Amino acid sequence: MGKVTGFLEFERLEEGYEPVEKRVKNYKEFVIGLKPEEAKIQGARCMDCGTPFCNNGCPVNNIIPDFNDLVYRGDWQNAIEVLHSTNNFPDFTGRVCPAPCEAACVLNINNDAVGIKSIEHAIIDRAWAEGWVKPQPAAVKTGKKVAIVGSGPAGMAAAQQLARVGHAVTVFEKNDTIGGLLRFGIPDFKFDKSHIDRRVKQMEAEGVVFKTNTLIGEMPKGSKVTNWAKDTVSPEQLNQDFDAVILAGGSEQSRDLPVPGRDLAGIHFAMEFLPQQNRVNAGGKVKDQIMATGKNVIVIGGGDTGSDCVGTSNRHGAKSVIQFEVMPRPPEEEDRPLTWPYWPIKLRTSSSHEEGCDREFAIATKEFIGEGGKVTAVKTVRVEFKNGKFEEVAGSEQILKADLVLLAMGFVNPVDTLLSGFGVEKDARGNAKASTDVGGYKTNAAKVFAAGDVRRGQSLVVWAIREGRQAAREVDAFLMGATTLPR
């Protein structure tokens, strides 16, 4: 695979970024992808390593050595065929996946991993430019109807797979455009939504019907989950009208922080803040948009969603941005012999952090302080993880200014009323209970399946695509008695 001595001759080449001072003035994607010759050199670094751990490190099991080799040899058209054989949407994952495949790369044991994600990005962008990505409508229709609730990557992957084997697929989305958290949870500067739009057009040409502004069931009273639905369809009606139903909504219930002062104005979930800006970017209107302009912003949560809040706050023109992480500061480099081929714990600095942000580790929030009903500061304390729990460090309390606090501590479970509306049994974490065994993804409710975050909990886009594909296979087998779809 690649060039036999390529990993000895060539260094890893990272994708480029537009300068900070330019990119923070807009919401456009700023990653500069590899040129064809650069991608060829990166493909040359892929070793003929015998056991390609990258395949298993990738949740969709991309056939990575093969498409690396094809890019090295200049056969880009076959490279996209290989990539699409396992991944419906490499244009999504090539931009927002953290690349667990690279952590599992054999070269990563004692060197820099092959730039797999950058090669994937280059392949799909060229495929679109060359017109190689085309609709693949089914030659024969089965007469079976499938409803998919949720239009994120799990729902989209399931819909495309099922449409291509001839089923009539309808995707229901409670908001006004397709994409779920992929559209409303990820800022445009990381992922331009035109990538979703062209996939929707492809899928419509394959026979998929999308119904937006349509809520299935009801939302819990007082829910903060984004919901712009104008119409409602009951679970009973869906069961009556369709031969199978796939629940593919996100894990949308945000983790809260119930400390004194939580009810002060100016404290919001990240998923109140981020969807609003994405909607405005798309030309929509938002009443009373949450803005960071001129404010001291504190982001509580050290993950990707917190990073997205940092980048969006910087583009608003925040006065200052501080990001909290309750865990201790991780090492700059992982212990590779100990962690490979698994995902390592190490310090990860995102492009948003580089745009301007102070990061605080091993810190917890004790209280929100306010004046006139509005938050003005956050009382914090340093913590240490001992005996399986966090313990406060004596004398480490401090008060930090805050005009806007964004809670980005992850998500706990899907909207409860969606599952209860279909009578779906839940697991201990509040997710839909459905195994992944052969014949799996099926819930206890008749003809109701579950895939993506609604089943496995908060996870990655690439895991959602995998689950959508696998659930589609099980639904096809359920409806037809057999299936040709890949697992």
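Note that the coordinates shown come from a computational prediction; the quantities given were computed from them, not determined experimentally.

(A) Quick look at the overall build of the protein. Across its full length, the protein carries 20 helices and 20 strands. Taken over C-alpha atoms, the radius of gyration comes to 23 Å for the protein, in line with the 23 Å a tight globule of 487 residues would show. With respect to the three principal axes, the spread of C-alpha positions in the protein is 65 × 60 × 45 Å. Buried positions account for 52% of the 487 residues belonging to the protein. At a minimum sequence separation of 6, the contacts of the protein that also span at least 24 residues come to 68%. On the protein, roughly 21,400 Å² of surface is accessible, and the fraction owed to carbon and sulfur atoms is 50%. Of the side-chain charges in the protein, 60 are positive and 63 negative, and the distance between the mean point of each set is 3 Å.

(B) Region of the structure containing the pairing of strand β18 (residues 404–407). Across the two faces of β18 the burial is the same, with L404 and L406 and V405 and L407 all buried. The sheet contact formed by strand β10 (residues 267–269) and β18 spans three bridges and is parallel. Within the sheet, the bridge partner assigned to I267 lies in β18 and is V405. One ladder, built from four bridges, connects strand β11 (residues 296–300) with β18; its direction is parallel. Bridge pairing links V299 to L406 in β18.

(C) View of the sheet that holds β18. Pairing is parallel in the open sheet, where five strands are placed in the order β10-β18-β11-β12-β13. Each edge of the sheet is formed by a strand with only one pairing partner; in this case those strands are β10 and β13 (358–361). Geometrically, the sheet is characterised by an average inter-axis angle of 20° between neighbouring strands, direction not taken into account. On top of the sheet, helix α14 (residues 270–281) reaches β10 and β18; it is set at about 75° to β10, its chief contact.

(D) Here's a closer look at the sheet that holds strand β5 (residues 209–211). Across the sheet, five strands lie side by side as β5-β4-β3-β8-β20; this open sheet has parallel pairing. Unpaired on one side and paired on the other, β5 and β20 (448–450) mark the two borders of the sheet. In this sheet, neighbouring strand axes are inclined to one another by 20° on average, regardless of whether the strands run parallel or antiparallel. Both strand β3 (residues 145–149) and strand β4 (residues 168–172) contribute to a ladder of five bridges, which runs parallel. Counted as the bridge partner of I148 is V171 from β4. Of the strands in this sheet, β3, β8 (244–247) and β20 touch helix α20 (residues 461–480), which is tilted by about 165° from β8.

(E) Molecular detail of the pairing of strand β15 (residues 374–386). Looking at chain direction, strand β14 (residues 363–371) and β15 are connected through eight bridges and run antiparallel. When the sheet's bridge partners are listed, A364 is paired in β15 with V381. Between the antiparallel neighbours β14 and β15 lie two residues, among them G372 with a positive phi of about 60°. Here β15 pairs with strand β17 (residues 398–401) via four bridges, running antiparallel. Across the sheet, V378 pairs through a bridge with L400, a residue of β17. Pairing of β15 with strand β16 (residues 389–392), which is carried by four bridges, proceeds in the antiparallel orientation. Across the sheet, the residue bridging to F385 is F390, located in β16.

(F) Here's a closer look at the packing of aromatic side chains. Within the structure shown, the criterion is met by nine aromatic pairs. On the basis of an interplanar angle of 85° and a centroid distance of 5.5 Å, the ring pair of Y17 and F30 is categorised as edge-to-face. Separated by 13 residues along the polypeptide, Y17 in strand β1 (residues 16–17) and F30 in the loop between α2 (20–23) and β2 (31–32) bring together distant segments of the chain. The class for Y17 is partly exposed, based on a relative accessible area of 42%. Of the residues examined, F30 reaches a relative accessible area of 3% and is grouped as buried. Consider the rings of F89 and F92, whose centres lie 4.8 Å apart with planes at 25°: the pair is stacked. In this structure, F89 and F92 share a single accessibility class: buried. Joined through ring pairs, the aromatic side chains of Y17, F30 and F189 make up one cluster. Here the basic side chain of K145 rests over the ring of F242, its NZ or CZ set 5.6 Å away from the ring centre.

(G) Structural detail: the pattern of salt bridges. Under the definition given, this model contains 30 salt bridges. Between R23 and E355 there is a salt bridge, with its nearest N and O atoms 2.8 Å apart. You can see R23 sitting in helix α2 and its partner E355 sitting in the loop between α17 (351–354) and β13, a full 332 residues away along the chain. Across this residue pair, the class does not change: R23 and E355 are buried. R336 serves as the salt-bridge partner of E333, at 3.9 Å between the closest nitrogen and oxygen. When salt bridges with common partners are traced through the structure, they connect E333, E334, R336 and K346 into a single cluster.

Rules and cut-offs
Residues numbered from 1 in each chain as written. Predicted model: local features only at pLDDT ≥ 70, side-chain atom pairs only at ≥ 80, totals over all residues. Heavy atoms only, no water. Helix = DSSP H or I, 4+ residues; strand = E, 2+ residues; numbered from the N terminus. Rg over C-alpha atoms; globule rule 2.2 N^0.38 Å. Buried < 20%, exposed > 50% of the residue type's maximum accessible area, 1.4 Å probe, protein only. Contact = heavy atoms within 4.5 Å. Areas by Shrake-Rupley, 256 points an atom, 1.4 Å probe, with all protein chains shown as cover. Lys, Arg positive; Asp, Glu negative; His and termini not counted. Charge placed at Lys NZ, Arg CZ, Asp CG, Glu CD. Pairing = 2+ DSSP bridges. Axes fitted to C-alpha atoms, helices over the stretch in contact; angles between N-to-C directions. Phe/Tyr/Trp six-rings, centres within 6.5 Å; stacked < 30°, edge-to-face > 60°. Lys NZ or Arg CZ within 6 Å of the ring centre and 35° of its normal. Salt bridge = Lys/Arg side-chain N within 4 Å of Asp/Glu carboxyl O.

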